[in-house]
Amino acid sequence: LSEEYRKILASYRPMEAVFMVHLGVDYNPMDYLRSPLTYCYGMYDLSAATEKLRNHIYHGGDDGYLIYVPSYHAPDFAPEGKHCVTLYTVCPDTLAEGSWEDVKEHYADRLVALAEKHLPDLARHTVTRKIMTAVDYRQFTHMQKSSFGGVVPIMGQQNPPHKTNVNGLYFVGQQSENGGGVGAVMIGAKAAWEKATS
């Protein structure tokens, strides 16, 4: 890659990682929630929260978390009479102390306990549970750092362009010039394909 392209790669900032707990439950969470996607704020000082994450300090859900009910939008995701619930937070890719493998059960229990403010007896109604850490997402995406939302939208920052100076080499995905989100990545991949085939 050219020096100019390498400078872009060295200077842009990927977003933080995510910690997710996927639950299969034996009751309908929508009996307690107003929306299938619920933001639960624990604080409003975004600068302080971001500073903690950048110093590899995980809040464990205290700064906020989300509750999502996938089976609300896709009933086939769960057997009849059962539902899916996903709890998740933004988190550091690596922790200041310990490893994700060592602490994931503790943080999952903590997140479930927090969510019980909105979903009574959630732990007791959980039939199955799958925990996803930054390490899991790193492995799934074949990346050295998990970045759940793509690139941080910073004014004036240039994200890696689709077209590189290497003939036939194109960069696509949520950490490229199109940024994060399914729609943006699809549009970016199409734009890169059009550049490659024109």
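Engineer: How would you sum up the nonpolar core? Please name residues and give values.
Structural biologist: Ranked by size, the top nonpolar core spans 29 residues in total, and within it F19, L23, I67, L87, W100 and L122 carry the most contacts. At the level of secondary structure, the elements contributing two or more residues to this core comprise strand 1 (17–25), strand 3 (64–68), strand 4 (83–91) and helix 4 (100–115). Of the residues forming this core, the biggest block, 8 residues, is contributed by helix 4. Every residue in contact with I67, bar those within four places of it in the chain, is listed here: L33, P36, L37, T38, C40, V85, T86, L87, A115, H118 and L119. If you look at the next biggest cluster of nonpolar residues, it comprises 6 residues, including M20, Y88, M132 and Y137.

Engineer: Can you tell me about the pattern of salt bridges, naming the residues and giving the values?
Structural biologist: Close approach of charged atoms allows side chains of opposite charge to pair. All told, the structure shown has 11 salt bridges when counted by the stated rule. For the salt bridge of K52 with D63, the shortest nitrogen-to-oxygen distance reads 2.9 Å. Highlighted residues: K52 in helix 2 (residues 46–54) and D63 in the loop between helix 2 and strand 3, separated in sequence by 11 residues. A cluster of three or more residues bridged by salt bridges with shared partners is formed by E105, D109 and R129.

Rules used throughout
- Residues numbered from 1 in each chain as written.
- Predicted model: local features only at pLDDT ≥ 70, side-chain atom pairs only at ≥ 80, totals over all residues.
- Heavy atoms only, no water.
- Core = buried A, V, L, I, M, F, W, Y, C linked by side-chain atoms within 4.5 Å.
- Buried < 20%, exposed > 50% of the residue type's maximum accessible area, 1.4 Å probe, protein only.
- Helix = DSSP H or I, 4+ residues; strand = E, 2+ residues; numbered from the N terminus.
- Contact = heavy atoms within 4.5 Å.
- Salt bridge = Lys/Arg side-chain N within 4 Å of Asp/Glu carboxyl O.

Keep in mind these numbers describe shape, not what the thing actually does.
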